[in-house]
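Listed below are the residues making up each chain.
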Amino acid sequence: MRGRLFKIALFCCAIMLCSCSNEDKEKNTENRVENEEVQNTLDSAVSAIEYKNQYYKNRVSILKCITNYKSDVEAIRALESNVLSFDSCEFAPIDKLETVMELKVEKQDITPADSLAAIKRWLKRSKINDIDTDKEIRDSGGEYESDVSKKYPYSFPAVSKYYPDFETGNSFFINTKRCYILMNAGGVYSMSDGIIAKYLGSKSRAEADVFYGEDAETVAEGKVSELADKSWELLSGKMTVKTAADLTKRYFEQGIFLPCAKDVTVDVPEVKVFRLKDKYGYMFRLRRVYQEIPFAYISSYGEIYSIKNSVDGDDRMAYVVNGQTVNACLGSDSESEEVIPEGEAQDYIVSIQEAVSILEKNLIPQEIIEIDETVDIEEVGFVYCPCWYSDRKKNVYPCWEFRGKLGSNQDELNLYVNALNGEIYSYGCR
């Protein structure tokens, strides 16, 4: 969520400076966020955390954690706690755990050549043959002066005019009624083939498609695993959730934009089914998986209201509406980020029972919840949790993940216990 707002905020600042004369009916990205206020919020929210290097003293072997997992889960379910409730909690299996380690992920600037190639590759894959790329591919990065006398997007310089003399291709974009794509450091940030706007008969640019599912009427939502066999009528006919999710996974793993990083695959854990006039569409949540361990991801469509220790989970959405391909996406191209191991692999971690004990003792002292407030934990699993480190780097820690809701108002609260040193990270959404 924060990554999405940050990228949109930067893009919008440039648009508003160079396209102030645009008509109000132009529903461009600048109407989605407030530029300077968003930046100020992000600056305070993503301060680097001071990581405790010393490991937790009561760690146990991963093999023992796996062996005792069933009995540990039973003990947690029977726990009488004023802070945590596990009455309806699902515990994900941990059989694939072998060793874990601290990681870093790092975004690299995309070169002008790679950026241009990715855009043209996507146009070809999407069978969009009626775009004059010399005219429509523009740059919003500010390397070359814009022409404020022209309407957006033509106020921004054409890439063809200055190519290859750009430092990066991070801000190349197309935004027409036919299609939309926006690059950023690391790959493609958002795109649409325009099919949603076309089906709706909208006069908006294709950019509007990437936000449509967030505000559209929700027909169903939940885990892909739970809705896998259910089907809805897409633009090309009925398709099950599982088939569409598999299509989405293949789309991003095939490297349509940029190839996946080494040892990284894509998982599609959640789906939202939305109404599209008399048809339906699927909006999926995506996350990375590194060496069989999934990354933490942002699951809420709402506003992040609380950030402790700068959790920065994967935040990418993908739309399937015609049953043939991914028609739109929004969010950082995280699967292509380089994953860098830090230090030695570890085969001793904090056990699940110990992680629960750490939460019980520390949630109120760390002011994550109020006194007399209970967190209803709905899911527990083991993940890699990214935390903000700097503008381009994030620390990533192996963690026990507790996804739940506050008993008082049912706002989402996600808690992470570092499996190496016992530190707590968290964020909430409403």
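Throughout what follows, the structure given in this document is the object of discussion. Just so it is clear, the model here is predicted, and its values are computed rather than measured.

**Digging into the environment of V210**
Here is step 1: With respect to the helices and strands, the residue V210 is situated in helix α8 (residues 209-215).
Here is step 2: Judged by relative accessible area, V210 falls into the buried class, the value being 1%.
Here is step 3: Those residues within four positions of V210 in sequence are excluded, and the remaining contacts are Y180, S190, M191, S192, Y319, A328, C329 and L330.

**Let's talk about helix α10 (residues 241-253)**
Here is step 1: Its 13 residues give α10 an end-to-end C-alpha distance of 18 Å, which sits within 8% of 18 Å, the value for a rise of 1.5 Å per residue.
Here is step 2: Among all positions in α10, only V241, A244, A245, L247, T248, Y251 and F252 are buried. The buried side chains of α10 occupy one side of the element, clustering within an arc of 155° when seen end-on.
Here is step 3: Following α10 by one or two positions, G255 adopts a phi angle in the positive range, close to 70°.

**Concerning unusual backbone geometry**
Here is step 1: Look at the link from Y152 to P153: it is a cis peptide, with omega at 5°.
Here is step 2: We note that K127 has phi near 60°; this positive angle belongs to a residue other than glycine.
Here is step 3: One can find K127 in the loop between α4 (112-125) and α5 (133-136).
Here is step 4: Here K277, not a glycine, exhibits a phi torsion of approximately 55°, which is positive.
Here is step 5: Inspection of the secondary structure puts K277 in the loop between β12 (264-276) and β13 (279-290).

**Considerations on the side chain of D314**
Here is step 1: By the element assignment, D314 lies in the loop between β15 (304-308) and β16 (316-320).
Here is step 2: Side-chain polar atoms of D314 contact the side chain of R288, separated by 2.5 Å.
Here is step 3: Sequence-distant contacts of D314, defined by excluding residues within four places in its chain, comprise L286, R287, R288, F295, A296, Y297, I298 and S334.

**So, the pairing of strand β6 (residues 172-175)**
Here is step 1: Of the two faces of β6, the one lined by F172 and I174 and the one lined by F173 and N175 are each fully buried.
Here is step 2: With two bridges connecting them, strand β5 (residues 138-139) and β6 associate as antiparallel partners. Across the sheet, residue D139 finds its bridge partner in β6, namely F172.
Here is step 3: For β6 and strand β7 (residues 180-184), the ladder comprises three bridges, and the chain directions are antiparallel. Residue pairing across strands places N175 opposite Y180, the latter belonging to β7.
Here is step 4: Connecting β6 to the next strand, β7, in antiparallel fashion are four residues.

**Let's talk about the nonpolar core**
Here is step 1: Grouped together as the largest cluster of nonpolar side chains are 47 residues, with contacts concentrated most on F86, I349, W400 and F402.
Here is step 2: For this core, the secondary-structure elements that each account for two or more residues are α3 (62-77), β4 (100-106), α11 (352-362), β20 (375-388), β21 (393-406) and β22 (412-418).
Here is step 3: Among the nonpolar cores identified, the runner-up in size contains 45 residues, and I119, I137, M239 and I256 belong to it.

**Focus on the packing of α3 against α11**
Here is step 1: The geometry of α3 relative to α11 is characterised by a closest axis approach of 9 Å and an angle of 30° between their N-to-C directions. As far as their axial angle goes, α11 and α3 are roughly parallel. Contact with α3, carried on its side by Y69, D72, A75 and I76, involves I352, Q353 and V356 of α11 and no other residues of that element.
Here is step 2: Along the lines of polarity and charge, the residues of the contact of α3 with α11 split into five nonpolar, one polar and one charged.

**Description of the pattern of salt bridges**
Where charged atoms of side chains with opposite charge meet at close range, the side chains can pair.
Here is step 1: Enumeration according to the criterion identifies 17 salt bridges in this entry.
Here is step 2: For the salt bridge of R316 with D333, the shortest nitrogen-to-oxygen distance reads 3.4 Å. Here R316 is found in strand β16, whereas its partner D333 is found in the loop between β17 (328-331) and β18 (338-346), with 17 residues between them in sequence. Each of the two residues, R316 as well as D333, counts as buried.
Here is step 3: Residues joined by salt bridges that share partners form a network here, namely K107, R288, D314 and E337.

Rules used throughout
Position numbers for residues start from 1 in each chain and track the written sequence from start to end. Whole-chain, interface and lining totals are the exception, using all residues; otherwise, since this is a predicted model, local features are given only for residues with pLDDT of at least 70 and side-chain atom pairs are given and counted only at 80 or more. The basis for every side-chain value is the complete set of heavy atoms in the structure, and neither hydrogens nor water enter the calculation. In this text, helices come from DSSP runs of H or I with a minimum length of four residues, and strands from runs of E with a minimum of two, each type numbered from the N-terminal end. Buried residues are those whose accessible area, probed at 1.4 Å on protein chains only, stays under 20% of the maximum for their type, while exposed residues exceed 50% and partly exposed ones sit between those limits. Whether two residues touch is decided by their heavy atoms; if any such pair falls within 4.5 Å, the residues are in contact. For a helix, the expected span equals 1.5 Å multiplied by the residue count minus one. Working note: the arc is built from the helix axis to C-beta atom directions. Polar contacts here mean pairs of N or O atoms no more than 3.5 Å apart (in protein, one a potential hydrogen donor and the other a potential acceptor; neighbouring residues in sequence count only if both atoms are side-chain atoms). Only strands that DSSP links by at least two bridges are regarded as paired with each other. Only buried residues count toward a nonpolar core, which is a set of Ala, Val, Leu, Ile, Met, Phe, Trp, Tyr and Cys residues joined through side-chain atoms within 4.5 Å. Axis definition: a line fit to C-alpha positions, over the contact stretch in the case of helices; interaxial angles, taken between N-to-C directions, run 0 to 180 degrees. Oblique is the label for every angle not falling under 35 degrees (roughly parallel), over 145 degrees (roughly antiparallel), or within 65 to 115 degrees (roughly perpendicular). Note that Gly is not counted as nonpolar here; it falls among the polar residues with everything else outside the nonpolar set of Ala, Val, Leu, Ile, Met, Phe, Trp, Tyr, Cys and Pro and the charged set of Asp, Glu, Lys and Arg. Here, a salt bridge means any side-chain nitrogen of Lys or Arg that lies within 4 Å of a carboxyl oxygen of Asp or Glu.

The values reported here are purely geometric and, on their own, carry no functional implication.
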